Structure formats: C-alpha cells, structure tokens
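Single-letter residue listing:
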Amino acid sequence: QVQLVESGGGLVQAGDSLSLSCVASGRTFGRTMGWFRQAPGKEREFLASSSWNGGITLYADSVKGRFTISRNNAKKTVYLQMNSLKVEDSAVYYCAADGSTWGGPESDPGNYAFWGQGTQVTVSS
C-alpha cells in the first residue's frame, strides 16, 4: 500500500509561483508518480508525470513550460513547481502513484492506484 499526502497549496495572485509537495509512505520505489487537478464541475485533469527515477517526464499542453515535476526518491517526495499561475489553474491538486512499477510516465488517471487527499490552489486575478 502507498499513502500520499500533498501540501503547499494556498491562495496566490495571477503570475505568482507555488510549489507543491507530495510525501509518500509505503512501497513507492519504482513507481511512476503524477500530478492531477480537479476544478469544480470539471473532470480530473492530468498535469504531469515522472518515471520512477525522474528521467522521463510528461506534461499536459496546458501546463508545459510553466509547471515542472521532480522527485526525490530518498525522501519519497514528489514536487510540482508551478510558475506563471493563471486564474484558470485554480483547482484541487492531487498527487498519485502508479499501481505498477518500472513503467514510464502516464497521463491516464486509470493507471494510478493510489491518490492523496488533495490540496487547494486558488489563483486570484
């Protein structure tokens, strides 16, 4: 089993930066990790994913060039650095861990077996 706890959300202004963290416990080594978000009335949206060692990353077009995913396996922590935030980035942000190991980045939320409780990010104009 894997437990995930996100932190770092908050209220910021458009154009600001914010860094989210996701601390994992359990058997996380070798798992692809991803970040998703969900705004009210919308489906969960893929943002970024990292292969087990961070060597391969994948981003949604909506955040490419603005968001960066990274991970520190020794600390069992995955990060999402968000720059140039926009009002439309407001959502609950979720960290997720792949159900299998040694795979590449994944954008399909169905491939993720473990999810955190989410952290709220609100961007004001």
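Calculation rules
- Residues numbered from 1 in each chain as written.
- Predicted model: local features only at pLDDT ≥ 70, side-chain atom pairs only at ≥ 80, totals over all residues.
- Heavy atoms only, no water.
- Phe/Tyr/Trp six-rings, centres within 6.5 Å; stacked < 30°, edge-to-face > 60°.
- Helix = DSSP H or I, 4+ residues; strand = E, 2+ residues; numbered from the N terminus.
- Buried < 20%, exposed > 50% of the residue type's maximum accessible area, 1.4 Å probe, protein only.
- Lys NZ or Arg CZ within 6 Å of the ring centre and 35° of its normal.
- Core = buried A, V, L, I, M, F, W, Y, C linked by side-chain atoms within 4.5 Å.
- Contact = heavy atoms within 4.5 Å.
- Polar contact = N/O pair within 3.5 Å; in protein donor to acceptor, adjacent residues only side chain to side chain.
- Disulfide = S-S within 2.5 Å.

Draft legend 1. Spatial organisation of the packing of aromatic side chains. Inspection of the entire model under this criterion finds seven aromatic pairs. Arranged with centres 5.6 Å apart and planes meeting at 70 degrees, the rings of F36 and F46 form a pair that is edge-to-face. Here F36 is found in strand β4 (residues 31–38), whereas its partner F46 is found in strand β5 (residues 45–50), with ten residues between them in sequence. We classify F36 as buried; its relative accessible area is 0%. Note on F46: relative accessible area 11%, which makes it buried. Taken together, the ring pairs connect F36, F46, Y112 and W115 into an aromatic cluster. One cation-aromatic arrangement involves R44 over Y94; the distance from NZ or CZ to the ring centre is 4.0 Å. In this structure, R44 packs its charged tip against the face of W115, placed 4.6 Å from the ring centre.

Draft legend 2. Structural view of the nonpolar core. In terms of nonpolar packing, the biggest core is built from 32 residues, with L4, W35, L80, M82 and Y93 touching the most fellow members. With five residues, strand β9 (residues 91–101) is the single largest residue contributor to this core. With residues up to four places along the chain from it excluded, the contact list for M82 reads D16, S17, L18, L20, R66, F67, Y93 and V121.

Draft legend 3. Spatial organisation of the side chain of R66. Note that R66 resides in the loop between β6 (57–59) and β7 (67–72). In terms of polar contacts, R66 uses its side chain to reach the side chain of D89, at 2.8 Å. Discounting chain neighbours no more than four positions away, the residues touching R66 are Q81, M82, N83, S84, L85, K86 and D89.

Draft legend 4. Structural detail: the state of the cysteines. Counted according to the given criterion, the structure contains one disulfide. Here C22 pairs with C95 through a disulfide, and the sulfurs are 2.1 Å apart. Taking the sign of the S-S torsion, -75 degrees for the link of C22 and C95, the bridge is left-handed. A residue pair is termed long-range when its members are at least 10 positions apart, and C22 in strand β3 (residues 18–26) and C95 in strand β9 qualify at 73 residues. With respect to burial, C22 and C95 carry one shared label: buried.

In short, the description is geometric, and any link to function would need to be established separately.
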